[in-house]
Amino acid sequence: MPIESIAILVLAGFVGYTVISKVPNTLHTPLMSGTNAIHGIVLLGGLIVLGHGVDGVLNKILLVVAIAFGTINVVGGFLVTDRMLGMFKQRPSGQGPGRERPGGRAAEVREGGEQ
Amino acid sequence: MTTLVSAGYIVAFVLFIYGLMGMTGPRTAVRGNWIAAAGMAVAVVATLLLPGMGNWLLIALGLGIGAVIGVPAARRVKMTAMPQMVALFNGVGGGAVALIAWVEFRVTAGYEGEALYVAIASLFAALVGSVSFWGSGVAFAKLQEILPGKPVTLGRLQQPLNIVLLVVALVCAVITVAGGRSEWLIAGVLVAAGLIGVMVVLPIGGADMPVVISLLNAFTGLSAAAMGLALDNTALIVAGMIVGASGSILTNLMAQAMNRSIPAILAGGFGGGAAGATAGGSGGADRPVRSTSAADAAIQLAYAGRVMVVPGYGLAVAQAQHAVREMADLLEAKGIDVAYAVHPVAGRMPGHMNVLLAEADVPYESLKEMDESNSAFPQVDVSLVIGANDVTNPAAQSDPDSPIYGMPILHVTSSRSVIVLKRSMGSGFAGIDNALFTDPRTAMLFGDAKESVGGIVEELKTL
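From a predicted model like this one, the values you see are computed outputs, not experimental measurements.

Draft legend 1. Focus on the overall build of chain B. Across its full length, chain B carries 18 helices and six strands. Relative to its length of 463 residues, chain B is compact, with a C-alpha radius of gyration of 25 Å against a globular reference of 23 Å. Oriented by its inertia axes, the alpha-carbon framework of chain B measures out at about 80 × 50 × 35 Å. Every one of the 463 residues in chain B was classed for burial, and the buried ones make up 57%. Considering only intrachain contacts with a sequence separation of at least 6, the fraction spanning at least 24 residues in chain B is 79%.

Right, here's the structure in full:
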């Protein structure tokens, strides 16, 4: 029934609005990149249509491309977000008094992550 | 849909929302991201458990190709290139929606026997997905500098052409809903929408990019939600709508930070004739510019109590963030307080500048948002403006004729002195003169941002 779907649609919009409003400016890039990864969920649409069987080579090709696109969106999105956040997470001063802890630790972690 | 799959989807929603709630702070955000990713994995597995699924080889092929392309792309991209990578990932998401909608049309022979709402939702998904795919493609090309970053417009033809394209897309969609079966109709929707995406993003200048990227992100989310309606899939509806909401919020915030309406940004062509008119009227153009040297700047900084760094995209382009951090370390060793005033639209996507500074190990706590910075400026001894221009332009406050009038700016002029690092006297993306540069308290240090900061670092070491 579409009315249930539309109810879900509207409520999900409010949930999204409430959650996202609390994110500070400073984290907007990772937020955007993270939500960007989430809309890669369209990949499920490709899985459903292809999984339930389609005829014709063109249809199959289009769906494989769609699934590949969706996967790029999901996998790339989450990995990129993780890399961005990795730069924020090692803030030495983030844990209170430890401001004098060397930045070198963060640098090491990051180099490891980029391989 | 089986109970098992529904249960999986519900777990996925909880993980998505809980993960996004983690995004509100730097310490919980990393975990939040992985929680959301786990939600995605649950949603995918649950979908594969749907009864009657087949074509496993092709599914594996699609997933495999996506992973093989997506993983290295995400791992290798430089932090400065992040906005175009996000644009690209966003675009392929929109492309996936458009392709699925197209196949839906083909499989059902033009929605033969489908409910009305399925046809409408699917066509909406096709339209918006295609706009997002091609628009993101152009945004990527502009950010990657394959296409010029400055606005490219057709002048007066632009708006009528966009409207004609929209009408074509809508007419094709309406005929389809009314029972049209020709595949040319869905092709018409996809092609016209794609052209709209190209035509709308092409005229948008570099400074407006954060708004466009947010908007395209919202579009892809909404198209995914519409696809969910068409396929009766709650996972798509919920996740798509959350992204749609988040993209809309960010679009709005970015537009507010530039004091421009979203339609005005989409109409494009920033800084045309009006910019020329203000150049004379600002009254600052005839005042002399005071230039300084790295040695003098270093002395000025070394004897300050509080220093505020005002970074702009010029800093990122010059890859100067590490040099800036080194300078800040030297200053902090002298007991000088160093903070960073970050304008919401600094950089090429929302919050981009914060990521670039974080990359250079600038502590999260030193990154000040605009309001906080503006209340701090009166106590600041030296503001060091690096590669930022329009976001510091006092004309946005004082000159009603200025194209950026009303845009919230960083009140650099209320600090005791200002040093502006800049390549030349050229104007910013908006193409307007900046009275800050001729302010009596301002000294200009001309040159590449990285070399200039490096010069200051060398001088500081000898002090």
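Draft legend 2. Highlighting the environment of S122 of chain B. All names here are of chain B. Topologically, S122 is positioned in helix 5 (residues 116-143). Sequence spacing of S122 and W102 is 20 residues, and the spatial spacing of their C-alpha atoms is 8.5 Å. Setting aside residues no more than four positions away along its own chain, S122 makes contact with A101, E104, F105 and A230.

Draft legend 3. Layout of the domain arrangement of chain B. Residue and element names in this part refer to chain B. Partitioning chain B into structural domains gives domain 1 (1-54), domain 2 (77-267) and domain 3 (277-462). Spacing between the C-alpha centres of domain 2 and domain 3 amounts to 36 Å. Taken together, the contact pairs 19 residues of domain 2 with 16 residues of domain 3. Elements with a contribution of two residues or more to the side of domain 2 that touches domain 3: helix 4 (82-107), helix 8 (209-231) and helix 9 (234-257). Among the residues forming the side of domain 2 that touches domain 3, the class breakdown is 14 nonpolar, five polar and no charged.

Draft legend 4. Region of the structure containing unusual backbone geometry. All names here are of chain B. Despite not being glycine, N55 shows a phi value in the positive range, around 55 degrees. Along the polypeptide, N55 turns up in the loop between helix 2 (26-48) and helix 3 (56-76). A count of 19 C-beta atoms within 10 Å places N55 in the partly exposed class. In this model, D361 sits at a positive phi of 65 degrees, which is unusual for a non-glycine residue. Within the secondary structure, D361 sits in the loop between helix 15 (352-359) and strand 3 (367-368).

Draft legend 5. Fine view of the pairing of strand 2 (residues 337-341) of chain B. All names here are of chain B. Of all five residues in strand 2, four are buried, a share of seventy percent or more. As defined by bridge partners, strand 1 (residues 306-311) adjoins strand 2 across four bridges and the pair is classed as parallel. Bridge assignment links R306 to a residue of strand 2, and that residue is D337. Bridge count between strand 2 and strand 3: two bridges; the pairing is parallel. Looking across to strand 3, one finds that A341 is bridged to K368.

Cut-offs applied
- As a convention, each chain's residues are numbered from 1 in the sequence order in which they are written.
- Each chain gets a letter, beginning with A, and each ligand a number, beginning with 1, in the order they are written.
- Only residues with pLDDT of at least 70 get local features here, since the model is predicted, and only at 80 or more are side-chain atom pairs given and counted; chain-wide, interface and lining totals rely on the full set of residues.
- Numbering of helices and strands runs from the N terminus, with a helix taken as a DSSP run of H or I at least four residues long and a strand as a DSSP run of E at least two residues long.
- It is over C-alpha atoms that the radius of gyration is taken, and the globule rule equals 2.2 Å times the number of residues to the power 0.38.
- Here a residue counts as buried when 20 or more other C-beta atoms sit within 10 Å of its C-beta, as exposed when there are 12 or fewer, and as partly exposed otherwise, the C-beta atoms being derived from the backbone.
- Here, residue contact means that the backbone-derived C-beta atoms of the two residues sit within 7 Å.
- In this entry, domain limits derive from an automatic or database-based domain assignment.
- In this classification, Asp, Glu, Lys and Arg are treated as charged, Ala, Val, Leu, Ile, Met, Phe, Trp, Tyr, Cys and Pro as nonpolar, and every other residue, Gly included, as polar.
- By the convention used here, strands pair only if DSSP detects at least 2 bridges between them.

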